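# Topology and contacts: notes
Spelled out, the chains give:
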Amino acid sequence: MFGSYKVKIEGELLDKVKQCADAGGYGSLDEFVAHVLEKEIKKMLPPNETGAASKELVKKRLQGLGYIE
């Protein structure tokens, strides 16, 4: 779909992510972060948007949040 992309999480935020992943029973930090991002994307995108337009919208929103450049 989009390929893969690495994101750096450091310091206090990383500690909080680890705590939440452990408390939620996730197998890895990647699994937890992917799940949280999927939930947030579902909240932001209307359910009937599909195709290239919705991919572009997701990309713009993730850029606005600072997740991608």
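We now turn to the structure provided with this report.

The rules behind the values
- Residues numbered from 1 in each chain as written.
- Predicted model: local features only at pLDDT ≥ 70, side-chain atom pairs only at ≥ 80, totals over all residues.
- Heavy atoms only, no water.
- Helix = DSSP H or I, 4+ residues; strand = E, 2+ residues; numbered from the N terminus.
- Buried < 20%, exposed > 50% of the residue type's maximum accessible area, 1.4 Å probe, protein only.
- Phe/Tyr/Trp six-rings, centres within 6.5 Å; stacked < 30°, edge-to-face > 60°.

## Observations regarding the environment of Asp22
Within the secondary structure, Asp22 is located in helix H1 (residues 11-24). Overall, Asp22 belongs to the exposed group, its relative accessible area being 63%. In the structure, Asp22 is positioned 10 residues away from Phe32 in sequence and 9.1 Å away in space, judged by C-alpha atoms.

## Some thoughts on the packing of aromatic side chains
Aromatic ring pairs are described here by two measures, namely the spacing of the ring centres and the angle between the planes. Taken as a whole and judged by the stated rule, the model has one aromatic pair. Look at Tyr26 and Phe32: their rings are 5.1 Å apart centre to centre, the planes differ by 70°, and that puts the pair in the edge-to-face class. Using a relative accessible area of 25% as the deciding quantity, one classes Tyr26 as partly exposed. Its relative accessible area of 14% is what places Phe32 among the buried residues.

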